2 protein chains.
Amino acid sequence: MSTAGRSGRRPGEPDTRGEVLNAARRMFARHGYNGASIRAIAAEADVDPALIHHYFGTKRDLFRAAATFPLDVDQLLAAAHGHDREQRAAALARFFFSMWEQEATRLPLLSVLRSAMTDEEAAALLRTSVVTGFLGPVAEALGIDDAEARLELCAAQLIGIAMLRYVIQIEPLASLPVDRLLDRVTPVLEHHLFAD
Amino acid sequence: MSTAGRSGRRPGEPDTRGEVLNAARRMFARHGYNGASIRAIAAEADVDPALIHHYFGTKRDLFRAAATFPLDVDQLLAAAHGHDREQRAAALARFFFSMWEQEATRLPLLSVLRSAMTDEEAAALLRTSVVTGFLGPVAEALGIDDAEARLELCAAQLIGIAMLRYVIQIEPLASLPVDRLLDRVTPVLEHHLFAD
């Protein structure tokens, strides 16, 4: 979840590397790591498979690049530093859903979530990104002792919603406006984070 | 989620069909639908692949049998009919975790959850089992109008915990005693089910 390297291309030059990366994200997001072959990604990007290896190395390297995206940690920490408990909980929920509601971040997130169920490295990536990239900074900013799994229970509520809303697409949850979702979820995060 | 057919075998006769089914559950639970081949399941059960086809038909038929388990709907409905709101929420949470904490039900549940991320039929099975098998009866028993996705949000909290605790195994959540988990989760279910 850090910024992907710049391609260094000049204006007007076709961004083949970027197109391959986008094709890989769409395919990993749709089929997971094991279900998306280099051949299928090459067909999706309309390039030769050899070009993918040239730009990204192995399929594993390509997956790592596809699952990497800029995470605005400053915004996350600003959320954790909100004025009162309810505001902090609401800001965390808003931060989470703003990532899922934008395609640029939803595709990498879907890639990891789908793949983590059946691929041990993707599971490790999810574990690390949830624990180190998301829960760690939040716990520190909130000054929370996580002996009671408070942050994991928040993450469970949010990831569970992501699964049912964006992956499995159960109604009415899949169509609920984000604002209504935030109203429903904020008190839950507040409970998990702060209740005795 | 209905009772699997009886094998009709006599006492002392080896239950080969049952052993194949258990091997399939272990393999689907570990690798998901696409990751578990008939060949690997046959090796796990120490039988010839042809025997699997003889007993169960196609891999898809075998998966359906492996993902099927007795769901005690009466117990679920009794939970939904508890005396007060907190008791009903607590009983629902207990019912959910009692399924996950027993291997006989955890393996079919894991099989479906892992496979649903990358296999459309498994996703449909999860959608149906969550909506028709679990949420439907509970909504009816509770007399809940689900316009606000109340039950889906409960299911999201529970499934999210199942993912992080049993699949991804994030600590400390993976090791939290069930009783502590129930203490943390019951108020959340009560909020989702009943709060204005």
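Because the structure is predicted, anything quoted here is derived from the model rather than measured.

1. A few points about helix α3 (residues 49-56) of chain A
And then number 1: Capping of α3 of chain A at its N-terminal end is provided by D48 of chain A; its side-chain oxygen lies 2.9 Å from the backbone amide nitrogen of A50 of chain A.
And then number 2: Directly after α3 of chain A, the chain includes G57 of chain A, whose backbone phi takes a positive value near 85°.

2. Some remarks on the packing of aromatic side chains
And then number 1: All told, the structure shown has 14 aromatic pairs over all chains when counted by the stated rule.
And then number 2: Here the aromatic rings of Y33 of chain A and F63 of chain A are separated by 5.2 Å at their centres, their planes lie at 80°, and the arrangement is edge-to-face. Here Y33 of chain A is found in helix α1 (residues 16-35), whereas its partner F63 of chain A is found in helix α4 (residues 59-66), with 30 residues between them in sequence. In this structure, Y33 of chain A and F63 of chain A share a single accessibility class: buried.
And then number 3: With a centroid separation of 5.0 Å and an interplanar angle of 15°, the aromatic rings of W100 of chain B and Y166 of chain B are classed as stacked. Here W100 of chain B is found in helix α6 (residues 85-101), whereas its partner Y166 of chain B is found in helix α9 (residues 150-167), with 66 residues between them in sequence.
And then number 4: Pairwise contacts between aromatic rings join F96, F97, W100 and Y166 of chain A into one cluster.
And then number 5: Note that K59 of chain A overlies the ring of Y33 of chain A, its terminal NZ or CZ placed 4.5 Å from the centroid.
And then number 6: The ring centre of Y33 of chain B lies 4.1 Å from the NZ or CZ of R60 of chain B, which sits over that ring.

3. Remarks on the interface of chain A and chain B
And then number 1: If you look at the interface, chain A gives 45 residues, while chain B gives 45 residues.
And then number 2: Of the roughly 3,700 Å² buried where chain A meets chain B, counting both sides, 68% is carbon and sulfur surface.
And then number 3: Interface area lost by chain A to chain B is led by M117, I168 and R184 of chain A, which between them contribute 20%.
And then number 4: Summed over the shared surface of chain A and chain B, the number is 0 salt bridges.
And then number 5: For the pair chain A and chain B, the number of links is 10 residue pairs in polar contact (both at pLDDT 80 or more).
And then number 6: Sorting the residues of the side of chain A that touches chain B by element identifies α1, α7 (103-116), α8 (120-142), α9 (150-167) and α10 (178-194) of chain A as the ones contributing at least two each.
And then number 7: At 12 residues, the largest contribution of residues to the side of chain A that touches chain B is made by α9 of chain A.
And then number 8: Here the side of chain A that touches chain B is built from residues that sort into 27 nonpolar, 8 polar and 10 charged.

4. A few points about the packing of α1 of chain A against α3 of chain A
Residue and element names in this part refer to chain A.
And then number 1: α3 packs onto α1 with a crossing angle of 105° between their chain directions and a minimal axis gap of 10 Å. Between α1 and α3, the angle is such that the two are roughly perpendicular. Of the residues in α3, those in contact with T16, R17, V20 and L21 of α1 are L51, I52, Y55 and F56.
And then number 2: Considered class by class, the residues forming the contact of α1 with α3 number 6 nonpolar, 1 polar and 1 charged.

5. Regarding the relation of the copies chain A and chain B
And then number 1: Note on the copies: chain A fits chain B at an RMSD of 0.0 Å, the axial shift is 0.0 Å, and the rotation between them is 180°. Here the two chains are linked by the operation of a two-fold rotation axis.
And then number 2: A shared interface surface links the copies, since 100% of the contact residues of chain A are contact residues in chain B too.

6. Observations concerning the packing of α6 of chain B against helix α10 (residues 178-194) of chain B
Residues and elements named next belong to chain B.
And then number 1: Orientation of α6 relative to α10, taken along the N-to-C sense of each, is 130°, at an axis distance of 8 Å. In terms of their interaxial angle, α6 and α10 are classed as oblique. As for how α6 packs across α10, the hand of that crossing is right-handed. Between α6, through R85, E86, R88, A89, A90, L92, A93, R94, F97 and E101, and α10, the contact on the second element is made entirely by V178, L181, L182, V185, T186, L189, E190, L193 and F194.

Quick notes on the rules
Starting afresh in each chain, residues are numbered from 1 along the sequence in its written order. All chains are assigned letters beginning at A, and all ligands numbers beginning at 1, according to the order in which they are written. In view of the model being predicted, local features appear only for residues whose pLDDT reaches at least 70, and side-chain atom pairs are presented and counted only at 80 or more, with totals across whole chains, interfaces and linings using the full set of residues. With hydrogens and water excluded, all non-hydrogen atoms of the structure serve as input to the side-chain values. In protein, a polar contact requires one atom able to donate a hydrogen and another able to accept it; more generally it is a pair of N or O atoms within 3.5 Å, and residues adjacent in sequence count only if both atoms are side-chain atoms. Under the scheme used here, helices are H or I runs from DSSP no shorter than 4 residues and strands are E runs no shorter than 2 residues, and both carry numbers assigned from the N terminus. Aromatic contacts are taken between Phe, Tyr and Trp rings whose centres are within 6.5 Å, Trp giving its six-membered ring; a plane angle under 30 degrees counts as stacked, one over 60 as edge-to-face, and the others as tilted. Exposure classes here rest on a 1.4 Å probe applied to the protein chains alone. A residue is buried below 20% of its type maximum, exposed above 50%, and partly exposed in between. Counted as over-ring charges are cases with an Arg CZ or a Lys NZ within 6 Å of the ring centre that also lie within 35 degrees of the ring normal. Note on contacts: a residue pair is in contact if any heavy atoms of the two residues lie within 4.5 Å. Here's the idea: put two parts together, see how much 1.4 Å probe accessible area each one loses, and the total over both is what we call buried area. A pair is scored as a salt bridge if a Lys or Arg side-chain nitrogen falls within 4 Å of a carboxyl oxygen belonging to Asp or Glu. We call Asp, Glu, Lys and Arg charged. Ala, Val, Leu, Ile, Met, Phe, Trp, Tyr, Cys and Pro are nonpolar, and the rest, Gly among them, are polar. Here an angle of 0 to 180 degrees is reported between the N-to-C directions of two axes, which are lines fitted to C-alpha atoms, with helices fitted over the stretch in contact. Roughly parallel means an angle under 35 degrees; roughly antiparallel, over 145; roughly perpendicular, 65 to 115; everything else is oblique. We superpose the copies by least squares over the C-alpha atoms of residues that have a pLDDT of at least 70 in both of them. In this scheme the handedness of a crossing depends on how the near helix is turned from the far one: anticlockwise by less than a right angle means left-handed, clockwise means right-handed.

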